[in-house]
Amino acid sequence: MERISSRTVHEGPVVSVRVERYRYADGETAEREIVAHPGAVAIVAHDGETIWLVRQPREAVGEPALLELPAGKLDVEGESRLECARRELIEEIGIAAREWRELKRFYTSPGFASEEVTIFVATGLEPVPDHRPDPEERIEIVELAIDDLDQAIAECTDSKSLIGLLLFRLELRP
């Protein structure tokens with residue numbers, strides 16, 4: 001397919017919206033609305049016994065306390081996905097990790113949005129002294145025993161968190 005035109009119809013601090021026209025190999029054309037998003041990261045942070053999650057309000061879906069993995073968007077110029085994950089884990093949970101590995105990359109809704117999420121696993125955790133959470137984020141830190149992982153999966157309705165938790169659970173199986 002070939003993009004033959006593009007115009008931005010909305011530019012905001014989190015997303016922009018473009019109307020794009022495409023031509024396909026058979027000569028047909030189609031117009032698509034594309035929500036452009038810089039991408040995001042999510043972190044499965046654990047020490048072998050405990051996994052760290054967060055609860056926070058998600059106004060877009062009317063949820064006052066959605067259970068999620070610590071996460072954030074790629075909104076710092078020049079910052080890599082891993083650097084973003086390191087920063088977000090410290091900002092949201094107040095923990096730094098010595099070991100990092102990428103678990104999975106996926107598109108959240110490729111039918112209309114460009115957002116790609118990268119899930120990392122973080123281990124070798126250490127508390128960050130003098131951690132001061134951002135008061136605007138309204139984050140509650142949730143420490144959950146890994147033995148209770150199925151409970152978190154059952155409660156969770158956030159896609160990036162479900163994907164991360166389910167893949168992590170698969171790794172735990174013998």
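Residues numbered from 1 in each chain as written. Predicted model: local features only at pLDDT ≥ 70, side-chain atom pairs only at ≥ 80, totals over all residues. Heavy atoms only, no water.

A few points about the overall build of the chain
- From N to C terminus, the chain includes three helices and 10 strands.
- Walking the chain from its N terminus toward its C terminus, one meets helices and strands in the order β-β-β-β-β-β-β-α-β-β-β-α-α.
- In terms of principal-axis extent, the alpha carbons of the chain reach across some 55 × 40 × 30 Å.
- Every one of the 174 residues in the chain was classed for burial, and the buried ones make up 40%.
- Pairs at least 24 apart in sequence give 54% of the contacts found in the chain among residues at least 6 apart.
- Surface summary for the chain: the accessible area is close to 10,300 Å², and the carbon and sulfur share equals 48%.
- Positive and negative side-chain charges of the chain, numbering 21 and 36 respectively, have mean locations separated by a distance of 5 Å. (Helix = DSSP H or I, 4+ residues; strand = E, 2+ residues; numbered from the N terminus. Buried < 20%, exposed > 50% of the residue type's maximum accessible area, 1.4 Å probe, protein only. Contact = heavy atoms within 4.5 Å. Areas by Shrake-Rupley, 256 points an atom, 1.4 Å probe, with all protein chains shown as cover. Lys, Arg positive; Asp, Glu negative; His and termini not counted. Charge placed at Lys NZ, Arg CZ, Asp CG, Glu CD.)

Points about the environment of G48
- Positionally, G48 belongs in the loop between β4 (40-46) and β5 (50-58).
- Along the backbone, G48 and L67 are 19 residues apart, and their C-alpha atoms lie at a distance of 20 Å.

By themselves these figures say nothing about function.
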